[in-house]
Amino acid sequence: MPLHLGPFVRWRSGLVLTWICLFSSGFTFTGGEHAATVTHPLPAAFADLLPHFLVEPDDVYIVKNKPVTLTCRSTPATQIYFKCNSEWVHQDQHLIERDVDPATGLPVMQVKIDISRQQVEKIFGLEDYWCQCVAWSTTGTQKSQKAYVRIAYLRKNFEEEPLGKEVALDQEVLLRCHPPEGVPPAEVEWQRNEELIDPKTDPNFFITVDHNLIIKQARLADTGNYTCVAKNIVARRKSSSATVIVYVDGGWSEWSKWSPCGADCTMWRSRECTQPSPSTGGKECQGLDLQSLNCTSEQCPQTASGAEDVALYVGIVAVALCLTLLLIVLVLVYRRKKEGLDADVADSSILTTGFQPMGIKPTKPGVWAPRRAARSKNSHLLTIQPDLTTTTTSYQGTLRSRHEVTGKFSVSNGPLLEPLPNGSHTLHNGKLPSDPNDFMNRLSSQTYFKTLPRDNVNTSYGTFNFLGGRLTLPSTGISLLIPPEAIPRGKIYEIYLTIQKKEDMRLPLAGCQTLLSPVVSCGPPGVMLTRPVILSMDHCTDACLENWAIRLKKQSYEGTWEDVLQLGEEVVSEPYYCQLEVETCRVFTEQLGRFALVGESLSMAAAKRLKLLMFAPAYCSTLEYNIRVYCMDDTQDLLKEVMQMERQLGGRLIDEPHVLLFKDSYHNLRLSIHDMPQAHWRSKLLAGYQEIPFYHIWSGSQRTLHCTFTLERQSLSTCDLTCTLCVWQVEGEGQSFTLDFNISKDIRPLDSDFLLMDNCTPALAGPSAFQIPYLIRQKICSSLDTPCPNGADWRLLAQRLKLDRHMSFFASKASPTSVILDLWETQHFHSGNLNQLAAVMAEIGKQEAMIFLVSDGEC
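Position labels on residues start from 1 in each chain and follow its written sequence. It should be noted that, the model being predicted, local features are given only for residues of pLDDT at least 70 and side-chain atom pairs only at 80 or more, the latter also being counted only at that level, while totals for whole chains, interfaces and linings use all residues. Hydrogens and water are ignored here; the side-chain numbers use all heavy atoms of the structure.

Notes on the side chain of Ser239
Turning to step 1, where the next piece is worked out: Take Ser239: it is sitting in the loop between strand 25 (236–238) and strand 26 (242–247).
Turning to step 2, where the next piece is worked out: With sequence-adjacent residues up to four places away left out, Ser239 is seen in contact with Phe158, Glu161, Pro162, Thr227 and Cys228. Per the convention used, a helix needs a DSSP run of H or I reaching at least four residues, while a strand needs a run of E reaching at least two, with both numbered from the N terminus. The criterion used for residue contact is that any of the two residues' heavy atoms lie within 4.5 Å.

Description of the environment of Arg98
Turning to step 1, where the next piece is worked out: With respect to the helices, strands and loops of the structure, Arg98 is situated in strand 11 (residues 95–100).
Turning to step 2, where the next piece is worked out: As for Arg98 and Val111, which are separated by 13 residues in sequence, their C-alpha atoms are 8.8 Å apart.

Thoughts on the sheet that holds strand 12 (residues 107–115)
Turning to step 1, where the next piece is worked out: In space, the 4 strands of this open sheet follow the order 6-8-12-11, with antiparallel pairing throughout. What marks the edges here is a single partner per strand, and that holds for strand 6 (52–55) and strand 11. Averaged over all adjacent pairs, the angle separating strand axes in this sheet is 25°, with direction ignored. What makes two strands pair is DSSP finding at least two bridges between them. Angular values range over 0 to 180 degrees, each being the angle between N-to-C directions of two axes fitted as lines to C-alpha atoms, with helices fitted over their stretch in contact.

Digging into the sheet that holds strand 18 (residues 173–175)
Turning to step 1, where the next piece is worked out: Taking strand neighbours across the sheet as the criterion, the 3 strands line up as 18-23-22 in an open arrangement whose pairing is antiparallel. Whereas interior strands pair on both sides, the edge strands pair on one side only; in this sheet they are strand 18 and strand 22 (205–207). Sheet twist, expressed as the average angle between the axes of neighbouring strands with direction ignored, equals 20°.
Turning to step 2, where the next piece is worked out: Sheet topology places strand 22 next to strand 23 (residues 213–215); 3 bridges connect them, and they run antiparallel. Within strand 23, the position partnered with Phe206 by the bridge is Ile214.

Some details on the confidence of the model for the chain
Turning to step 1, where the next piece is worked out: Here the chain shows a mean pLDDT of 76. Residues at 70 or above account for 74%.
Turning to step 2, where the next piece is worked out: For every residue, the predictor assigns a confidence score, pLDDT, that lies between 0 and 100. Segment residues 303–307 is flagged for pLDDT under 50; beyond a separation of four residues in sequence, or across chains, it makes 1 contact in the model.
Turning to step 3, where the next piece is worked out: Predicted confidence for residues 444–451 stays below pLDDT 50, and this span has 16 contacts to residues more than four positions away or in other chains.

Digging into the state of the cysteines
Turning to step 1, where the next piece is worked out: Note on terminology: pairs of cysteine sulfur atoms within 2.5 Å are recorded as disulfides. If you walk through the whole model with that rule in mind, you get 5 disulfides.
Turning to step 2, where the next piece is worked out: Between the sulfur of Cys72 and that of Cys133 lies a disulfide, 1.6 Å long from S to S. In this structure, the disulfide formed by Cys72 and Cys133 twists by about -65° around the S-S bond and is classed as left-handed. Here the residue Cys72 occupies a position in strand 8 (residues 68–75), and Cys133 occupies one in strand 13 (residues 129–136), the gap between them amounting to 61 residues. Neither Cys72 nor Cys133 differs from the other in exposure class; each is buried.
Turning to step 3, where the next piece is worked out: There is a disulfide in this structure between Cys84 and Cys131, and the S-S distance comes to 2.0 Å. Only protein chains enter the area calculation, which uses a 1.4 Å probe; residues under 20% of their type maximum are buried, those over 50% are exposed, and those in between are partly exposed.

Focus on the side chain of Glu712
Turning to step 1, where the next piece is worked out: Tracing the backbone shows Glu712 in strand 51 (residues 706–713).
Turning to step 2, where the next piece is worked out: Judged by its relative accessible area of 19%, Glu712 is buried.
Turning to step 3, where the next piece is worked out: Distance and chemistry together define a polar contact, namely a pair of N or O atoms within 3.5 Å, with one atom able to donate a hydrogen and the other to accept it when in protein, and with adjacent residues in sequence counting only for side-chain atoms on both sides. A polar atom in the side chain of Glu712 sits 2.8 Å from the side chain of Arg682.
Turning to step 4, where the next piece is worked out: Aside from chain neighbours lying at most four places away, what touches Glu712 is Leu623, Glu624, His680, Trp681, Arg682 and Lys684.

Structural notes on unusual backbone geometry
Turning to step 1, where the next piece is worked out: Along the chain, Gln275 connects to Pro276 via a cis peptide bond; the corresponding omega equals -5°.
Turning to step 2, where the next piece is worked out: For the bond running from Gly523 to Pro524, omega is 15°, close enough to zero to count as cis.
Turning to step 3, where the next piece is worked out: Note on placement: Pro524 falls in the loop between strand 37 (519–523) and strand 38 (533–538).
Turning to step 4, where the next piece is worked out: With a phi close to 70°, Ser86 is a non-glycine residue in the positive phi region.
Turning to step 5, where the next piece is worked out: With phi around 55°, Asn193 is a residue other than glycine that occupies positive phi space.
Turning to step 6, where the next piece is worked out: Take Asn193: it is sitting in the loop between strand 20 (187–192) and strand 21 (195–196).
Turning to step 7, where the next piece is worked out: By relative accessible area, which is 42% here, Asn193 ends up partly exposed.

Thoughts on the packing of helix 8 (residues 774–784) against helix 11 (residues 816–827)
Turning to step 1, where the next piece is worked out: Interaxial distance between helix 8 and helix 11 falls to 8 Å at its minimum, and their mutual angle equals 135°. As the angle between them shows, helix 8 and helix 11 are arranged oblique. Taken as a pair, helix 8 and helix 11 cross one another with a handedness that is right-handed. The residues of helix 11 that touch helix 8, namely those facing Arg777, Ile780, Cys781 and Leu784, are Thr817, Ser818, Leu821 and Asp822.
Turning to step 2, where the next piece is worked out: Residues that form the contact of helix 8 with helix 11 fall into these classes: 4 nonpolar, 2 polar and 2 charged. Any angle from 65 to 115 degrees is called roughly perpendicular, while one under 35 is roughly parallel, one over 145 is roughly antiparallel, and all others are oblique. Definitions for this section: a left-handed crossing has its near helix turned counterclockwise from the far helix by less than a right angle. A right-handed crossing has that turn clockwise. Charged means Asp, Glu, Lys or Arg here, nonpolar means Ala, Val, Leu, Ile, Met, Phe, Trp, Tyr, Cys or Pro, and polar covers whatever is left, Gly included.

Focus: the pattern of salt bridges
Turning to step 1, where the next piece is worked out: The term salt bridge refers to a pairing of a side-chain nitrogen on Lys or Arg with a carboxyl oxygen on Asp or Glu at a separation within 4 Å. Counted according to the given criterion, the structure contains 27 salt bridges.
Turning to step 2, where the next piece is worked out: Of the charged contacts in the structure, one is a salt bridge between Lys238 and Glu194, with a shortest N-O distance of 2.8 Å. Taken together, the residues Lys238 in strand 25 and Glu194 in the loop between strand 20 and strand 21 connect sequence positions 44 residues apart.
Turning to step 3, where the next piece is worked out: A salt bridge links Glu600 to Arg551; its shortest N-O distance comes to 3.4 Å.

So, in structure tokens, the structure goes:
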């Protein structure tokens, strides 16, 4: 018979379930669904001892799907059970081990349980998952400490990544890093050029408690790529590298001593920018490196005027006259030969074409005009007197810019300058250009051009010689400027310009990279150019370039894409250079090929510009009414593509386009329609909003992303629709647009206002392609290319035209002025103001006899 010592209670779900019965040879824990038997009774001397824990459970983390084990060990203990979040753990889940302490003879009990990820996830978000063990002895119970069980993780995206910087020598540098959210919290370390930074060995580095890296005094050796590394028991994450460039600004050395007074009564002194020399992109010394000073009359050497000097001067004059006569003869012979040599390239009208009226239509103003400005209507234009001795054509009327008038295009009687079927003009060698389809088929048959589009809508081409020209894809923002002398004299090239469909190109993008521009091809590749051409195309980045690492990619002959430059790190000796404007990218390239602009976000603040377009059926005879909302990159080529597609679908634009900023926050774009008059309209959308996945937008590879809202009117007589479209990426941050229109009366044209804004000729060859006449251009270049001590040269021209940030690039060219004028031509082709250029030349003080202003009233 068992001997009952009294009720020893345990709890399960708040109910008394059982008690303990003590036997003479031991005791048994009975009742309910748990049972544990102790075969060794406590010695009488320790019968009144409470249990104490030798091992208590500790906090643990579940990594992936691997369960964790909690352990309790107590003495003297007759029973040990776990309870988790106030619930007793079933006895079958306990692993029990019993032993006896040899020193005291007391029983020792150890219990283990396993916790799975599924158990923790059942209460995830409600409270933390915790467990503790309870130990019994004949005297009473003891509870262990709580052990918390958490699911370990480390998110991929850093909350703040380090940004690249350019700093002066000895300046303090702060690189910020906020690691990704994780459990347990991530530890942070820093790397420079993939090597670990240890502040203990290099005290010039200091890592703050909030994980930022401080370079106390920047040294030249500290130039490099810095990476923030976050790690915990789950994963290891690396931030984007931040390039730190430590530069040294140049400093003057002492002035040299004045030189002796020369025969021209002038003495000189110089100094060098070597204290220190500029390095790593540091600024050059400001000021003059050479000074001159008139000598006093006492210092100026006196010149004798004897008979010997008279004879010397007479001889010099005679030699000069002979050389002048010889030069005149050579020029006459050369011009006579040149007339015959160039007869198969261009007739004499080619240099006067620029002064003839052109048949280019002026731009029509639009209702919701894209950002391109209208053509200028100035009456004062920069020009020169025409060559009236030319017999090929005669000039009548006002001198003006060739892009400002609306007359017919006068061409010579020769066969060398003929109109193309689409109204463009191209130079060719005594024959008409080939058929457009034949030209595309010939290009596509070559290995490199297998992916060349065969449609003529997205392709322009023409034949060009040393006089240069321009190719344009109308209404796309894409053009190719071929400056004069870019094609070697005696060469004639057939050049094309086309847009590649992004989905056909499979441009490889990794990580946070995104396509920022259309994929544009110009060719044929491999042609020899003596000067860079300028490829213009739209981009869709925001204005905060410090949040981006932007690279120009070019496709090789093998089909792989290569980085040819990174913006901000251009090397002027390379064949590529890029100017990024607010909405346009200008690529200087000496090699034709296939190009695209790719950006990599440096922080989650980086944003792309999206264009939001809303379309609806032009005519609706049913109760259902669909509104299509497009979210696409803000580039003109996509705008044109959507307009043309909606024209085929019978759609019409129901509101002006809107610009959105889409951030690299990994949040999807959500759209919803609200505030409809419930008595007349209802939405058939079951969910509260529609969603476009983040990556579909961020990659830039899907061109015409859109979602459709299906509305239903109560009767066919209901035609007035008022509603609000809401667009947001993060809750609480978004935009809303009010729509109020009549679905039957609003008959606005779909896209005429948009697509006629850039109704320019696809191909222009020779002087007709440029705002600045050819001879004036030569005069400007010869006048400004030579450096002047007072700075009145090409450098001042670049400064006045707000292009001085590219000084080093211009200086690397044989004719800096010509490159500046090329860039001015690309920026002002549609709205070029020659008055502005003339005023700048007047400010510089270079208004030669060939450059002057002519107004309508003076001609």
